[in-house]
Structures are given as C-alpha cells and as structure tokens.
Amino acid sequence: MKLYYATGACSLAPHIALREAGLPFELVRVDLGKHTLSNGTDYTTINPKGYVPLLELDSGERLSEVAVILQYVADRKPGALAPAFGSMERYRVMEWLNFVATELHKGMGPLWKPDTPETVKKATMDALSRRLDYVEATLAKRPYLTGSSFTIADAYLFTIVNWHNFLKFDIDRWPALLAFQDRVAARPKVNEALVAEHLVKKPVAVAA
Ligand SMILES: N[C@@H](CCC(=O)N[C@@H](CS)C(=O)NCC(=O)O)C(=O)O
C-alpha cells in the first residue's frame with residue numbers, strides 16, 4: 001500500500017494506524033502548496049480532490065477520506081484498532097470518527113486561513129472550545145475515547161489536537177486532553193510516525 005501524505009496533516013492519522021496495525025506501506029509525500037509529488041507529478045492526476053490522505057491499495061485502487069481510510073486499515077487487522085464491524089462498539093468508534101472529522105477537523109478550518117476575520121476566528125475558537133470541553137469530560141473518565149484500548153478514533157483525535165502546536169492555541173485548560181496527547185505520543189508506533197514525518201526529533205526510549 002502507498003499512503004499519500006503531507007507532514008503533520010490529517011494524513012498523520014492513517015499513518016499512525018498503518019504502523020499500529022503493523023502493515024507494510026510506503027509513504028509518498030505531497031507538496032500541498034503546489035499539489036505536486038517530489039518528482040513533479042501533478043497530485044490532482046492521482047487524487048482529483050487534491051487533498052491528503054489518499055491510500056493506494058496493492059490492487060491499484062485508491063481510497064480517500066480520513067475516517068474511511070482509518071477503518072479500511074483497522075479492518076486489515078481485525079480487533080486491533082477497531083471493534084468488529086456491525087457491533088455497537090464499532091458504532092461508538094464511528095461516532096467519534098465522525099465527531100472528530102466534522103466538529104474538530106473541519107471545525108478548525110477558519111483558524112488556518114490568514115485572511116479569516118478576527119470575529120470569525122473567535123467564534124470558531126469558541127465553538128471548538130465547547131467541543132473540546134466534551135472531549136475533556138470523556139477523557140477524564142478513561143484513557144482513550146471509547147475505553148481502555150487505543151483505536152483509530154484516538155489516532156484521529158491525536159492528529160487534529162496536535163495542530164494546537166501550529167495554530168498556537170492553549171490546550172492547558174483541558175488537562176485530560178493534554179495527558180491524552182502525551183499518552184498517545186509515547187506509544188512506540190506513534191513516535192515512529194512522528195519521527196518519520198519530522199514532527200519530533202528523537203525516538204522515545206522504550207522500556208525493555
Ligand atoms: N474530507 C477530507 C479532508 C482532508 C483534508 O482536509 N486534507 C487537508 C490536509 S489536513 C489537505 O490536504 N488540504 C489541502 C487541499 O485541500 O488542497 C478527509 O476527511 O480526508
């Protein structure tokens with residue numbers, strides 16, 4: 001499989017999932033400024049949507065949309081990163097995937113744009129804060145979104161909340177969320193993904 005990604009973008013979530021699942025894959029970096037690959041290929045000839053992530057299967061078939069790619073990856077290793085399809089537990093994971101995609105990932109959109117008016121930025125941050133209050137209340141009760149096991153929903157939440165480093169909003173007011181970010185970052189496979197994307201310099205020391 002090939003994962004088309006951009007450093008630190010939402011493609012980090014499937015990148016983490018692929019490593020956590022122990023699946024073989026190749027990373028292909030996309031320059032989102034120019035929408036090109038390093039060899040000059042126009043990325044829109046590969047993904048007409050123009051955005052990352054895109055997962056190319058060994059069959060050559062291509063799959064887009066973070067929440068769907070994550071589930072495809074999870075289903076390659078049944079039980080490891082998501083409960084069985086059709087179970088109530090799976091719907092809980094899907095509920096979180098949809099929440100992260102629509103309320104957090106896309107909800108943050110205006111914060112990225114330099115020409116967004118300050119009033120809109122403030123309204124966006126207020127709405128985002130209310131959503132993060134809800135996440136905080138959940139993570140105050142359990143280590144991961146749906147319980148004691150790390151799932152693809154956690155990989156997605158971690159990726160999106162990690163943007164506070166770029167958007168410079170303070171996450172100290174959500175201590176359980178902050179602890180979650182540290183907990184996920186310390187997972188060896190997550191660290192591998194962060195190192196591969198040059199988001200952290202050093203591998204974490206893994207206890208023997
Ligand atoms: N609906 C898409 C959104 C993906 C998305 O927002 N990708 C961003 C990076 S996080 C991107 O590639 N933006 C560049 C562009 O749209 O040209 C998904 O869930 O995968």
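Going by the structure above, here's the rest.
Keep in mind that what you see is a predicted model, and the values were worked out from it rather than measured. (Residues numbered from 1 in each chain as written. Predicted model: local features only at pLDDT ≥ 70, side-chain atom pairs only at ≥ 80, totals over all residues. Heavy atoms only, no water.)

Q: So what's going on with the overall build of the protein chain? Which residues, and what values?
A: Check the secondary structure of the protein chain and you find 9 helices and 5 strands. Tracing the protein chain from N to C terminus, the helices and strands come up as β-α-β-β-β-β-α-α-α-α-α-α-α-α. Here the C-alpha atoms of the protein chain give a radius of gyration of 17 Å, agreeing with the 17 Å that 2.2 N^0.38 yields for 208 residues. Each principal axis of the C-alpha distribution contributes one length, and for the protein chain these read about 45 × 45 × 40 Å. When each of the 208 residues of the protein chain is scored for burial, the buried share is 48%. (Helix = DSSP H or I, 4+ residues; strand = E, 2+ residues; numbered from the N terminus. Rg over C-alpha atoms; globule rule 2.2 N^0.38 Å. Buried < 20%, exposed > 50% of the residue type's maximum accessible area, 1.4 Å probe, protein only.)

Q: Help me get a handle on the sheet that holds strand 4 (residues 54-56), residues and values and all.
A: An order of 3-2-1-4-5 is seen for the 5 strands of this open sheet, with the pairing classed as mixed. Of all the strands in the sheet, the pair left with one neighbour each is strand 3 (36-37) and strand 5 (62-64). Taken strand by strand, helix 1 (residues 12-21) contacts strand 1 (2-5), strand 2 (26-31) and strand 4, and its axis lies near 150° from that of strand 1. Helix 2 (residues 66-76) rests against strand 4 and strand 5 of the sheet, and its axis sits at about 125° to strand 5. (Pairing = 2+ DSSP bridges. Contact = heavy atoms within 4.5 Å. Axes fitted to C-alpha atoms, helices over the stretch in contact; angles between N-to-C directions.)

Q: Can you lay out the environment of tyrosine 51 for me, pointing to particular residues and giving the numbers?
A: Here tyrosine 51 lies in the loop between strand 3 and strand 4. Overall, tyrosine 51 belongs to the partly exposed group, its relative accessible area being 38%. Residues tyrosine 51 and serine 64 lie 13 residues apart in sequence; the distance between their C-alpha atoms is 8.9 Å. Apart from the residues lying within four places of it in its own chain, the contact partners of tyrosine 51 are Tyr43 and Glu65.

Q: If you had to explain the side chain of histidine 164 to someone new, which residues and values would you point to?
A: One can find histidine 164 in helix 7 (residues 164-167). For histidine 164, a relative accessible area of 18% puts it in the buried group.

Q: Explain the environment of lysine 2 to me, and be specific about the residues and the numbers.
A: With respect to the secondary-structure elements, lysine 2 resides in strand 1. Given the relative accessible area of 27%, lysine 2 is considered partly exposed. Distance in space between the C-alpha atoms of lysine 2 and arginine 62 is 9.3 Å, their sequence separation being 60 residues. Once you skip the residues sitting within four places of it in the chain, lysine 2 turns out to touch Glu26, Val28, Leu54, Leu55 and Glu56.

Q: Please give an account of the pairing of strand 2 that cites residues and values.
A: Note that strand 1 and strand 2 share 4 bridges and pair parallel. Opposite leucine 3, over in strand 2, you have leucine 27 as the bridge partner. Handedness of the β-α-β unit built from strand 1, helix 1 and strand 2 comes out right-handed. Pairing of strand 2 with strand 3 involves 2 bridges; the strand directions are antiparallel. Of the residues in strand 3, the one forming a bridge with valine 30 is leucine 37. From the end of strand 2 to the start of strand 3, which pair antiparallel, there are 4 residues, and histidine 35 there has a positive phi angle of about 55°. (Right-handed = clockwise from strand over helix to strand, strands pointing away.)

Q: Any chance you could break down the pairing of strand 1 for me, citing the residues and the numbers?
A: In the sheet, strand 1 pairs with strand 4 via 3 bridges, with the strands oriented antiparallel. Bridging across to strand 4, tyrosine 4 finds its partner in leucine 54.

Q: Break down the side chain of threonine 159 for me, with residues and values.
A: Relative to the helices and strands, threonine 159 resides in helix 6 (residues 152-161). Classification of threonine 159 by relative accessible area gives buried; the value is 0%. Of the polar contacts made by the side chain of threonine 159, one reaches the backbone nitrogen of alanine 13; its length is 3.3 Å. (Polar contact = N/O pair within 3.5 Å; in protein donor to acceptor, adjacent residues only side chain to side chain.)

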